[in-house]
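The residues making up each chain are set out below.
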Protein chains: 6
Amino acid sequence: MNGRAPDALRPVRIRKHFQRHPAGSALIEIGHTRVACAATIEDRVPQFLRGTGRGWLRAEYALLPSATSTRTAREAARGRQSGRTQEIQRLIGRSLRSVMDFAALGERTVIIDCDVLEADGGTRTAAVTGSFIALVLALDTIIPRDKTFPATDFLAAVSVGLSPEGEPLLDLCYEEDSQAAVDMNVVMTGSGAFVEVQGTGEGRPFTRAEHDALLTLAAGGIDTLIAYEKDVLGNALDWRVGSIKG
Amino acid sequence: MNGRAPDALRPVRIRKHFQRHPAGSALIEIGHTRVACAATIEDRVPQFLRGTGRGWLRAEYALLPSATSTRTAREAARGRQSGRTQEIQRLIGRSLRSVMDFAALGERTVIIDCDVLEADGGTRTAAVTGSFIALVLALDTIIPRDKTFPATDFLAAVSVGLSPEGEPLLDLCYEEDSQAAVDMNVVMTGSGAFVEVQGTGEGRPFTRAEHDALLTLAAGGIDTLIAYEKDVLGNALDWRVGSIKG
Amino acid sequence: MNGRAPDALRPVRIRKHFQRHPAGSALIEIGHTRVACAATIEDRVPQFLRGTGRGWLRAEYALLPSATSTRTAREAARGRQSGRTQEIQRLIGRSLRSVMDFAALGERTVIIDCDVLEADGGTRTAAVTGSFIALVLALDTIIPRDKTFPATDFLAAVSVGLSPEGEPLLDLCYEEDSQAAVDMNVVMTGSGAFVEVQGTGEGRPFTRAEHDALLTLAAGGIDTLIAYEKDVLGNALDWRVGSIKG
Amino acid sequence: MNGRAPDALRPVRIRKHFQRHPAGSALIEIGHTRVACAATIEDRVPQFLRGTGRGWLRAEYALLPSATSTRTAREAARGRQSGRTQEIQRLIGRSLRSVMDFAALGERTVIIDCDVLEADGGTRTAAVTGSFIALVLALDTIIPRDKTFPATDFLAAVSVGLSPEGEPLLDLCYEEDSQAAVDMNVVMTGSGAFVEVQGTGEGRPFTRAEHDALLTLAAGGIDTLIAYEKDVLGNALDWRVGSIKG
Amino acid sequence: MNGRAPDALRPVRIRKHFQRHPAGSALIEIGHTRVACAATIEDRVPQFLRGTGRGWLRAEYALLPSATSTRTAREAARGRQSGRTQEIQRLIGRSLRSVMDFAALGERTVIIDCDVLEADGGTRTAAVTGSFIALVLALDTIIPRDKTFPATDFLAAVSVGLSPEGEPLLDLCYEEDSQAAVDMNVVMTGSGAFVEVQGTGEGRPFTRAEHDALLTLAAGGIDTLIAYEKDVLGNALDWRVGSIKG
Amino acid sequence: MNGRAPDALRPVRIRKHFQRHPAGSALIEIGHTRVACAATIEDRVPQFLRGTGRGWLRAEYALLPSATSTRTAREAARGRQSGRTQEIQRLIGRSLRSVMDFAALGERTVIIDCDVLEADGGTRTAAVTGSFIALVLALDTIIPRDKTFPATDFLAAVSVGLSPEGEPLLDLCYEEDSQAAVDMNVVMTGSGAFVEVQGTGEGRPFTRAEHDALLTLAAGGIDTLIAYEKDVLGNALDWRVGSIKG
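Residues numbered from 1 in each chain as written. Chains lettered and ligands numbered in written order. Predicted model: local features only at pLDDT ≥ 70, side-chain atom pairs only at ≥ 80, totals over all residues. Heavy atoms only, no water.

Draft legend 1. Here's a closer look at the overall build of chain A. Helix and strand counts for chain A stand at 7 helices and 9 strands. A compact globule built from 246 residues would reach a C-alpha radius of gyration of about 18 Å, and chain A, at 18 Å, matches this within 12%. Along the three orthogonal principal directions, the C-alpha set of chain A runs to about 55 × 40 × 30 Å. By residue count, 61% of the 246 residues in chain A fall in the buried class. Sequence-distant contacts in chain A: of pairs separated by 6 or more residues, those separated by 24 or more amount to 71%. (Helix = DSSP H or I, 4+ residues; strand = E, 2+ residues; numbered from the N terminus. Rg over C-alpha atoms; globule rule 2.2 N^0.38 Å. Buried < 20%, exposed > 50% of the residue type's maximum accessible area, 1.4 Å probe, protein only. Contact = heavy atoms within 4.5 Å.)

Draft legend 2. The interface of chain F and chain A, seen in detail. Taken residue by residue, the interface counts 36 residues in chain F and 36 residues in chain A. A combined buried area of about 2900 Å² lies between chain F and chain A, and 47% of that area is made up of carbon and sulfur atoms. On inspection of chain F and its partner chain A, the count reaches 10 salt bridges. Across the pair Arg71(A) and Asp113(F) runs a salt bridge whose closest N-O atoms are separated by 2.6 Å. Inspection of the region where chain F meets chain A yields 22 residue pairs in polar contact (both at pLDDT 80 or more). Listed by contribution, the elements that provide at least two residues to the side of chain F that touches chain A are β3 (33-42), β4 (56-63), α1 (75-78) and β5 (109-118) of chain F. Among the elements that take part in the side of chain F that touches chain A, β5(F) stands out by supplying 6 residues, more than any other. (Buried area = accessible area lost by both parts, 1.4 Å probe. Salt bridge = Lys/Arg side-chain N within 4 Å of Asp/Glu carboxyl O. Polar contact = N/O pair within 3.5 Å; in protein donor to acceptor, adjacent residues only side chain to side chain.)

Draft legend 3. Seen up close, the interface of chain C and chain D. Counting from both sides, the interface comprises 29 residues of chain C and, opposite them, 29 residues of chain D. Between chain C and chain D, roughly 2700 Å² of surface is buried when both sides are summed, and carbon and sulfur atoms account for 46% of that area. One can count 2 salt bridges joining chain C with chain D. Joining chain C to chain D, the criterion identifies 16 residue pairs in polar contact (both at pLDDT 80 or more). For the side of chain C that touches chain D, the per-class residue count stands at 7 nonpolar, 13 polar and 9 charged. Summarising the sheet, strand β9 (residues 194-200) of chain C and strand β9 (residues 194-200) of chain D pair through 5 bridges and their orientation is antiparallel. Its bridge partner being in β9(D), Gln198(C) is matched across the sheet by Gln198(D). (Nonpolar A, V, L, I, M, F, W, Y, C, P; charged D, E, K, R; others polar. Pairing = 2+ DSSP bridges.)

Draft legend 4. Layout of the packing of helix α6 (residues 208-233) of chain A against helix α6 (residues 208-233) of chain B. Contact geometry for α6(A) and α6(B): axes closest at 13 Å, N-to-C directions at 160 degrees. As judged from the angle between their axes, α6(A) and α6(B) are roughly antiparallel. Of the two elements, α6(A) crosses α6(B), and the hand of that crossing is right-handed. Here Arg208(A), His211(A), Asp212(A), Leu215(A) and Thr216(A) of α6(A) come into contact with α6(B), specifically with Arg208(B), His211(B), Asp212(B), Leu215(B) and Thr216(B). Residue classes in the contact of α6(A) with α6(B) are distributed as 2 nonpolar, 4 polar and 4 charged. (Axes fitted to C-alpha atoms, helices over the stretch in contact; angles between N-to-C directions. Parallel < 35°, antiparallel > 145°, perpendicular 65-115°, else oblique. Left-handed = near helix turned anticlockwise from the far one by under 90°.)

Draft legend 5. Main features of the environment of Gly121(D). All names here are of chain D. Mapped onto the elements of the fold, Gly121 is located in the loop between β5 (109-118) and α4 (123-142). Look at Gly121 and you get buried, because its relative accessible area is 11%. With near-sequence residues (within four places) excluded, Gly121 lies in contact with Arg10, Thr33, Leu172, Cys173 and Tyr174.

Draft legend 6. Structural view of the relation of the copies chain F and chain A. With an RMSD of 0.0 Å, the fit of chain F onto chain A corresponds to turning through 180 degrees and sliding 0.0 Å along the axis. Taken together, the turn and the small shift mark the pair as related by a two-fold rotation axis. Of the interface residues in chain F, 100% have counterparts in chain A that sit at the interface too, so the contact is made through matching surfaces. (Least-squares fit on C-alpha atoms with pLDDT ≥ 70 in both.)

Draft legend 7. Summary view of the side chain of Gln198(C). When you line up the elements, Gln198(C) lands in strand β9. Residue classification places Gln198(C) among the buried positions, given a relative accessible area of 10%. A distance of 3.2 Å separates the side chain of Gln198(C) from the side chain of Glu196(C), its partner in a polar contact. Residues within four places of Gln198(C) in sequence aside, it is in contact with Leu91(C), Arg94(C), Asp183(C), Met184(C), Asn185(C), Val197(D) and Gln198(D).

Draft legend 8. Quick look at empty space enclosed by the protein. Tallied over the entire structure, the rule returns 7 cavities of 30 Å³ or more. In this structure, the largest cavity encloses a volume near 60 Å³. Along its surface, the largest cavity is lined by Glu87(E), Ile88(E), Leu91(E), Arg94(E), Arg124(E), Gln198(E), Glu87(F), Leu91(F), Arg94(F) and Gln198(F). Put simply, the parts of the chain that give the lining of the largest cavity at least two residues each are α2 (83-97) of chain E together with α2 (83-97) of chain F. Partitioning the lining of the largest cavity into residue classes produces 3 nonpolar, 2 polar and 5 charged. (1 Å grid on protein atoms, 1.4 Å probe; cavity = no way out; pocket = protein on both sides within 12 Å on 5 of 7 lines; lining within 4 Å. Points joined across faces, edges and corners; volume = space filled by probe spheres on them.)

Draft legend 9. Structural context of the relation of the copies chain C and chain D. Relative to chain D, chain C is turned by 180 degrees and slid 0.0 Å along the rotation axis, the superposed coordinates differing by an RMSD of 0.0 Å. The overlap is high: 100% of the interface residues of chain C also sit at the interface in chain D, so the same surface is used on both sides.

Draft legend 10. Expanded view of the pairing of strand β2 (residues 24-30) of chain B. Residues and elements named next belong to chain B. When you tally the buried positions in β2, you get 6 out of 7 residues, the bulk of the element. Both strand β1 (residues 12-16) and β2 contribute to a ladder of 5 bridges, which runs antiparallel. What sits directly across from Arg15, in β2, is Leu27. In terms of strand pairing, β2 meets strand β3 (residues 33-42) through 7 bridges, oriented antiparallel. Within β3, the position partnered with Ser25 by the bridge is Ala38. Connecting β2 to the next strand, β3, in antiparallel fashion are 2 residues, including Gly31 with a positive phi near 55 degrees.

Draft legend 11. Focus on the pattern of salt bridges. A full pass over the atoms with the stated rule returns 114 salt bridges over all chains. Between Arg4(D) and Glu176(D) there is a salt bridge, with its nearest N and O atoms 3.8 Å apart. Of this pair, Arg4(D) sits in the segment before β1 (12-16) while Glu176(D) sits in helix α5 (residues 174-179), and the two are 172 residues apart along the sequence. Residue Arg4(D) shares its accessibility class with Glu176(D), and that shared class is buried. Close ionic contact of Glu60(E) with Arg74(D) constitutes a salt bridge, the shortest N to O distance being 2.8 Å. Taken together, the positions of Glu60(E) in strand β4 (residues 56-63) and Arg74(D) in the loop between β4 (56-63) and α1 (75-78) put the pair across two chains. Comparing Glu60(E) with Arg74(D) shows no difference in burial state: the two are buried. Here the residues in one salt-bridge network are Arg58(A), Glu60(A), Asp113(A), Asp115(A), Arg71(F) and Arg74(F), joined through shared partners.

Draft legend 12. Structural detail: helix α4 (residues 123-142) of chain F. Taking 1.5 Å of rise per residue, 20 residues should cover 28 Å, and α4(F) covers 28 Å from first to last C-alpha, within 8% of that figure. Most of α4(F) is tucked away, with 17 of its 20 residues classed as buried. (Expected span 1.5 Å × (residues − 1).)

Draft legend 13. Quick look at unusual backbone geometry. One non-glycine residue, His17(A), adopts positive backbone phi at about 55 degrees. Even without being a glycine, Asp171(E) presents a positive backbone phi close to 60 degrees. Inspection of the secondary structure puts Asp171(E) in the loop between β7 (168-170) and α5 (174-179).

Draft legend 14. View of the arrangement of the chains. As for chain E relative to chain A, no contact occurs, and the smallest C-alpha gap between them is 10 Å. Across all C-alpha pairs, the smallest distance from chain B to chain F is 10 Å, and the two are not in contact.

Draft legend 15. Just helix α6 (residues 208-233) of chain C, in detail. Here α6(C) spans 37 Å end to end across 26 residues, near enough to the 38 Å set by a 1.5 Å rise per residue. With its phi angle positive at about 80 degrees, Gly234(C) sits one or two positions after the end of α6(C).

Draft legend 16. Layout of the sheet that holds β2(B). Residue and element names in this part refer to chain B. One open sheet holds the 5 strands; their spatial order is β1-β2-β3-β5-β4, and the pairing between them is mixed. Looking along the sheet, the strands with just one partner apiece sit at the ends: β1 and β4 (56-63). Here the average twist between neighbouring strands, direction ignored, is 15 degrees. Sheet strands in contact with helix α4 (residues 123-142) are β1, β2, β3, β4 and β5 (109-118), and its direction is about 35 degrees off that of β3.

Draft legend 17. Representation of the sheet that holds strand β5 (residues 109-118) of chain A in the model. All names here are of chain A. Reading across the sheet, the 5 strands line up as β1-β2-β3-β5-β4 and stay open at both edges, with mixed pairing between neighbours. The open sheet is flanked by β1 (12-16) and β4 (56-63), the only strands paired with a single partner. Ignoring which end each strand starts from, the neighbouring axes of this sheet average 15 degrees apart. Sheet topology places strand β3 (residues 33-42) next to β5; 9 bridges connect them, and they run antiparallel. Bridging across to β5, Glu42 finds its partner in Thr109. Across the sheet, helix α2 (residues 83-97) touches β4 and β5, and the angle it forms with β4 is around 145 degrees.

Draft legend 18. Quick peek at the state of the cysteines. Residues and elements named next belong to chain A. Overall, the coordinates contain 0 disulfides over all chains when judged by the stated rule. With no disulfide of its own, Cys37 lies 4.4 Å from the sulfur of Cys114, the closest cysteine sulfur. When its relative accessible area of 0% is taken as the criterion, Cys37 is described as buried. (Disulfide = S-S within 2.5 Å.)

Take it as geometry only, folks, not as evidence of what the structure does.
Printed below as a string of structure tokens:
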């Protein structure tokens, strides 16, 4: 645990406007994990939504080949995305869609790009948290202040796991994660509800009590992250999340 | 709920030896969902396991194009497996690996094939349950009776969800699933431990209480399935699961 | 020849309505070969037929990986269909199109799916025969009884071959097929005309006399199959094939 | 029929050594159809033949995009070979293998490349005939004169078909082919035996009598082609085909 | 240098109308290098040009597998075009576009196909020169004589390089090219201006003086090629290049 | 020109050790262009170099989708790298190989990854310059100080172009580049020799005088960049480049 308490997050920092071109962007750093998150808005929707007045959001995720301790082969060169990549980008997309009011967005598509510059565990949960900031920044550029804001609640994610000795740990780094018996990713909203709970016991199965302890630990970490998100957005912006106008 | 109680499984039937060629096979029917599950054993392992004395298991999953209410495009014709397919086959593989003793298997690979003949909700959980039977049948053909059996525990899976009105439902059919606000897939062992918990609230976030009620409901359904698995394997075979020899 | 005469078909059984979702479906079993055949009807046609008032039919074919004595790699995982698969699905499509009146069908596309559940020789010819039943069942659901029926004649297919000793054999199983010096697939209509004759002498070339004997043997087998097709469709349906209305 | 008799071949010309690099090559022209055929010999065999002392032969086929009346999209740009291409290259490979003594070849692979420079019907049968010449030229460069020659017999191919009026036609050009009711490709050896008979009645089914007439017509055309092959190879080379040495 | 002077081109020959189907075609032979060049004209443009009144030109390039001293794997079989192929076809396209007046062409696309029948160095520069002839022939078939001709100037290309001893050489054959320390491809117009200069010193870097000498040598070779192009087009056609009408 | 002189570089900054995992890494910023460059060293070589005692270097390049003013589709999702991407990574690889002593490297492969975080013109030349720093840092970690250093000279790259008015400009930003009539990328060594000269006149052809002026301008810019590279490496490291030991 690198000297930190088992229920402590690694140091977190979100740098807004990391890139100039996308409507919203943020670089999130959690421990040594760094993910560039961007939100691009396009004025069209997939076929199945045309004419409905409703928008859409989808996410893409990739590791820079040089982001991992052993170089990861470039997916563009291999000609296809791995199952892991597709699973992660589906998770990010589902999570963000759960706090979107697509009628308020109108017939537009938000594309979320999460590119991992450095990986040290927890890249998918960092991607959810960082993308939420990029999303709010992007929506702020297109939704007038007197309109309902399409992001209906805050959203953050964290990983938790059981150490080989059975101790619940918050926000695992790569080394902790690779030794963990059980691994869980949790996504929650600002109002404390769950959006995704994905627990896996490939090392060994886990008991109901262990599952409950992990969920409680995750909820605490997400509280901290959401408080930080409000700091990052600041007074000028945080009030818009969930705001509804006639 | 087609007239059944919210905590009742749909009718389940497992037909052993559905196919002649694979080492083990089973056709599982749950309601109108039907999945052909096969376990093939190859005398080689992936590169990273050569010389370790340990084996491996991986799973593949597909829908017959004609298995769904609207025809599903054939992935072989499109040239790639969808993200959904990859996510499901990763889930099946992880779940079965959690009850495998790979040292007892030795340097062999088990390939699980799950082909959905008819889809009416719950195909991935049916695939886990049916594949477990195919796996045990296959292992029985190669592991002498005086050796440790590589399947260390029973395994079954079920889906649960919240109806639009917030009622917890067990074993959702397609129509129930497509209306559900929250959807959860749970995989458990015969000793009552969790292997996978995957809850998703794309319709709306869910509370801790809702989450706990779903988990309890799932555990009950899995108890029933594991009892049925023992029936299906019968006295001649069920004792081998988890049996350890000097 | 498994104890049967050289000019005898293996036991044949066709089970109608094997699947719930497609417009028509049938499971055909010939010896140990089992093929699920489905006919789906879509209300659109390929680009080159738009506005012509005419429809189309195409076929797809696959082996379940577990259908063969040695497991066959899944084509969706390999990312492309083999040459063998493409050749077979082109054969099935051409054969069925030869008995279709596409003006009577109107601007619709029939998609035939043939998925081999178990392979023991003759899968492509079984697929033609089984698909014909699925096709008639599907057409019956959309074509009113007072209209010309788009299937203009019965259709069935069989394989024949020369044993290593030069004896003509009907309906070869896998083992017979793999030893055969010459292999021939024949597709014929209910009126006794040929639609496809594909004879190959990779083992050795064959004489005109051998060719003629194989063709005669095939014609006999197809007669039997077409009589059985009429049984399967029954009085309620068999009269529609080839029926023309004002 | 461009003024020629229904049983006359179009003008045929084979130009040996069309390319400098492959072991054997030939340009075949039949009417306006022109196909560059090359035979390359590699000192290795596919996995399944290693250590058997036996060789292999496989064929590849492509149309130049500019070879057809409407430009054909380049398969390398589309990223895959069409079903038609794969079917044709399988036919060419099977046909040539039927006259190969692979023990006499030894552990080598012959790769046949057929590239159509100009297409006017009959490209696949021209490819078989032209490739046979390229094959013999290539084998002559590596097999000493006192050894058994791996090409055991002459080989040629031709297309035949039924005109809309039911007249049997030999060696159809593109326009004739596209109007034909029935189309048949026939491959035969120098000793008058059949290697491939592929008859298709997509326009309409055909009778046994029609089938027999087409086969007889094809056999006559192939006689002429094989006589021409002997001329092309000349006295210095034609005796090697089928020659067996102690 | 095969007995020719270091500043001499290899023998050049361009055969017009090599193929019947494309609007324009030419076979160019330079030494042993032979490239079939074709220009096809389609009555549509890419999305970004629709409604602009302007046309487009793109080029495709491939080696016949049998064109090289060691057989080159077929890109259609491998499923993708190599980086080298893409680089070359981009070069050909850019070069030809530099002498096109796309307003004079109107909303049409010219597709250039360059297929190398035999490779002995300089295939990409031969492809540019041969394609220019095919392009002029194709444009002549669709542009009335009283209209501005879309080809605004002559165009040709040549390779130059430094021998291992540092001597500048014109028009390198394969063997010279593979030994060259520095390799440069130059494309120029009939008015003596540069369109592409691509110099590469993978063997060793090169000085400014060496660079200047190579450029001068290339310009001389291109002068000769453009004079030959005028001969090939002849009086009936060469005046159209660059001709502007009211 | 954003207020700078036509012969002035945009502000340049190279940040060493941008990533933790690769053997060497650097973030290069030139104006608003930012490229993460990494050098990974693997203890194996491609097939054609095994047993030769010599190493290899290859490069990969990608744009983050969010790096460009209009979002660029992710190549991993599209399933293949564009021609532009392949052209650029071939250029980077060739350039760096020109200053490598592969015998001094031994049988190892250097993989260069260039990932563009933000694009504002000149990404390929920035990638060459930044990768050179990453390469030297990586080599320094594996080559003992008493051995010949495999990087034989400094290397940098810059783009130049002609403004629409014909003025030569150094180091074009995206807007300048998209208006330029002529575009040239130049790679040079520390000793002032050329490695790559790639000039393209798609807008209009260019004269010899224009070409010469661009080359002179590029040489000046590269002088400045190489001086900066020495600063970045510092006294502790810059002496190793080109150092030869017994």
